[in-house]
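# Coordinates in review
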Amino acid sequence: MKKQTKRTIQMVSGAVATALLARAAYRQNHQLDISSFVYHNEKLPGSFHGFRILQVSDLHNARFGFHQKKLIKEIQLASPDIILISGDLIDKRRCRKNNIQPALRFVKEAVKIAPVYYVPGNHEATSEIYPYLKERLLAYGVEVLGNSMVELSRNEEAITLIGVKDPKFYIHEPQRFQHNLQTLKQMSDNQFHILLSHRPEYFDFYAACGFDICFCGHAHGGQIRLPKIGGLYAPNQGIFPKYTNGRYVKGDTTMFVSRGLGNSKAPLRIHNHPQLVLVRLCKA
């Protein structure tokens, strides 16, 4: 009888431990963080003082509540003036036209909050359904910045937002990404420039081009984050990556890197909650 009782206790303890681990893993992958920053620059036109930019990155077709209600609610509370999507809305490993509804549902609701601007990431570059995704985004009113720019205007003052496709689109022309970016920057007449690009590892080049602010993703926060160390691994940066989360400054250029929302190859985040980035612009 005692042996049976002991076995029962062990089984119950194991079940409880498994349930707690599963709950912790779920929270690690679904508890949304909003990281807020204030950016100062005397070059900023006065009309844009207080302008709020919300960045969404690397959704990878993940779900945050029924019909993305949890995600949409957090964005509404942030009250952004514009929403920037820095690539990888979908995941190339698990997307077809009939199962990318989480990504499309998010976009459909996001455009009701503020104007949405999007650049495709590496997963869009290698996905057969990217043309369909782009078609749907345009139909919803999203501005798709595939190597293009747009002027953001306020009270007869303007700043330039430039967006570039991921380098994966040019796998046979590795220099084309940088060439496109440099050409676009030179075409703008405004004095203040924002870059929307999926890749943070090109930060030195972004700074050399003279961008004021860059918004990037791709690194997934390093997937596993450790105190005082940061992220452990990021694609195209390798072990102990340099750019995974938050604000980075080089010369007159500031880059914000989002930890992103979803996952791809690695299914689990550790000490690395999904993240939205909110930046408020201030004239110094």
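Scroll up a little and you will see the structure.
This write-up is about the structure you can find in this document. Predicted model only: the values in this text are computed from it and were never measured. (Residues numbered from 1 in each chain as written. Predicted model: local features only at pLDDT ≥ 70, side-chain atom pairs only at ≥ 80, totals over all residues. Heavy atoms only, no water.)

### Remarks on the overall build of the protein chain
In plain terms, the rule: Only DSSP runs of H or I covering at least 4 residues are called helices, and only runs of E covering at least 2 are called strands; the numbering of each starts at the N terminus. Only heavy atoms enter the contact rule, under which two residues are in contact if any of them lie within 4.5 Å.
Within the protein chain, the secondary structure is distributed over seven helices and 16 strands. Long-range contacts, defined as pairs at least 24 residues apart, comprise 72% of the intrachain contacts of the protein chain with a sequence gap of at least 6.

### What to know about the pattern of salt bridges
Here is the rule: We define a salt bridge as a side-chain nitrogen of Lys or Arg found within 4 Å of a carboxyl oxygen belonging to Asp or Glu. Each residue gets one of three labels from its accessible area relative to the maximum for its type: buried under 20%, exposed over 50%, partly exposed in between, using a 1.4 Å probe on protein chains only.
The final tally for this structure, using the stated rule, is eight salt bridges. A salt bridge links Arg259 to Asp33; its shortest N-O distance comes to 3.0 Å. One end of the pair, Arg259, is in the loop between β15 (253-257) and β16 (275-282); the other, Asp33, is in strand β1 (residues 33-40), with 226 residues separating them in the sequence. Between Arg199 and Glu201 there is a salt bridge; the shortest N-O distance is 3.0 Å. You can call Arg199 buried: its relative accessible area is 5%. Look at the salt bridges and you will find they share partners, linking Asp166, Arg199 and Glu201 into a network.

### Re the sheet that holds β1
Using the following cut-off: Here, a strand pair is defined by DSSP locating no fewer than two bridges between the strands.
Sheet architecture is open: six strands sit in the order β1-β16-β2-β3-β4-β5, paired in mixed fashion. A strand with exactly one partner marks an edge of an open sheet, and here the two such strands are β1 and β5 (143-144). As paired elements, strand β3 (residues 82-85) and strand β4 (residues 116-118) share three bridges and run parallel to each other. By the bridge assignment for β4, Leu84 is matched with Tyr117.

### What about unusual backbone geometry?
Positioned with a positive phi, Asn147 is a non-glycine residue whose angle comes to about 65°. Examined against the element boundaries, Asn147 turns out to sit in the loop between β5 and β6 (148-154). Backbone geometry places Asn236, a non-glycine residue, at a positive phi of 70°.

### Some points on a nonpolar patch on the surface
We count it as follows: Residues with no salt bridge and a relative accessible area higher than 30% make up the patches, which join like charges within 9 Å and nonpolar side chains (Val, Leu, Ile, Met, Phe, Trp, Tyr) within 5 Å. The protein chains shown are the only cover counted for residues, whose accessible areas, like all others here, come from Shrake-Rupley with a 1.4 Å probe.
The grouping of Ile224, Leu226, Ile229, Tyr233, Ile239, Phe240, Leu268 and Ile270 at the surface amounts to a nonpolar patch, some 730 Å² of accessible area in total. With respect to the secondary-structure elements, Ile229 resides in the loop between β10 (225-226) and β11 (230-231).

### Section: the environment of Tyr206
The following threshold applies: N or O atoms closer than or at 3.5 Å make up a polar contact, with two conditions inside protein: a donor-capable atom paired with an acceptor-capable one, and, for residues adjacent in sequence, both atoms drawn from side chains.
Tracing the sequence through the fold places Tyr206 in helix α7 (residues 203-209). Note on Tyr206: relative accessible area 0%, which makes it buried. Through-space distance from the C-alpha of Tyr206 to that of Lys250 is 9.4 Å; in sequence the pair is 44 residues apart. Apart from the residues within four sequence positions on either side, Tyr206 is in contact with Phe177, Leu181, Leu195, Ser197, Arg199, Phe211, Cys214, Cys216, Thr253 and Met255. At a separation of 2.8 Å, a polar atom in the side chain of Tyr206 contacts the side chain of Ser197.

### Points about the packing of aromatic side chains
As a reminder, the rule being used: Pairing of aromatic rings covers Phe, Tyr and Trp, the last through its six-membered ring, and needs centres within 6.5 Å; plane angles under 30 degrees mean stacked, over 60 mean edge-to-face, and all others mean tilted. The criterion is that NZ of a Lys, or CZ of an Arg, lies within 6 Å of the ring centre and within 35 degrees of the ring normal, and then a charge sits over that ring.
Considering all chains together, one arrives at nine aromatic pairs under this definition. An angle of 50° between the planes, with centres 5.2 Å apart, marks the rings of Phe37 and Phe256 as tilted. Here Phe37, found in strand β1, pairs with Phe256, found in strand β15; they are 219 residues apart in sequence, far enough to count as distant. In this pair, the class of Phe37 matches that of Phe256, namely buried. Plain terms: the ring middles of Tyr130 and Phe169 are 5.7 Å apart, the flat faces sit at 70° to each other, and that makes the pair edge-to-face. With Tyr130 in helix α5 (residues 130-140) and Phe169 in the loop between β7 (157-163) and α6 (176-187), this residue pair connects regions lying 39 residues apart in the sequence. Grouping aromatic residues by their ring pairs yields a cluster made of Phe37, Phe215 and Phe256. The positively charged end of Arg136 is found above the aromatic ring belonging to Tyr140, 5.3 Å away from the centroid. When the ring centre of Phe169 is taken as origin, the NZ or CZ atom of Lys165, which lies over that ring, is 5.1 Å away.

### Some thoughts on the sheet that holds strand β9 (residues 213-216)
Formally: To get an axis, fit a line to the C-alpha atoms, keeping to the stretch in contact for a helix; angles then go from 0 to 180 degrees between the N-to-C directions.
The mixed open sheet is built from six strands, whose spatial order is β6-β7-β8-β9-β15-β14. Each edge of the sheet is formed by a strand with only one pairing partner; in this case those strands are β6 and β14 (246-250). Strand-to-strand, the axes of this sheet are offset by a mean angle of 20°, without reference to chain direction. When β14 meets β15, the two strands line up antiparallel, connected through five bridges. Residue pairing for β15: Gly246 is matched across the bridge by Val257. Those strands touched by α6 are β6, β7 and β8 (193-196), and its axis lies near 170° from that of β7.

### Topic: the side chain of Asp212
Of note, Asp212 is situated in the loop between α7 and β9. Given the relative accessible area of 2%, Asp212 is considered buried. Ignoring any residue separated from it by four or fewer positions in sequence, one finds Asp212 in contact with Tyr39, Asn41, Lys43, Gln191, Phe192, His193, Asp252, Thr253 and Thr254.

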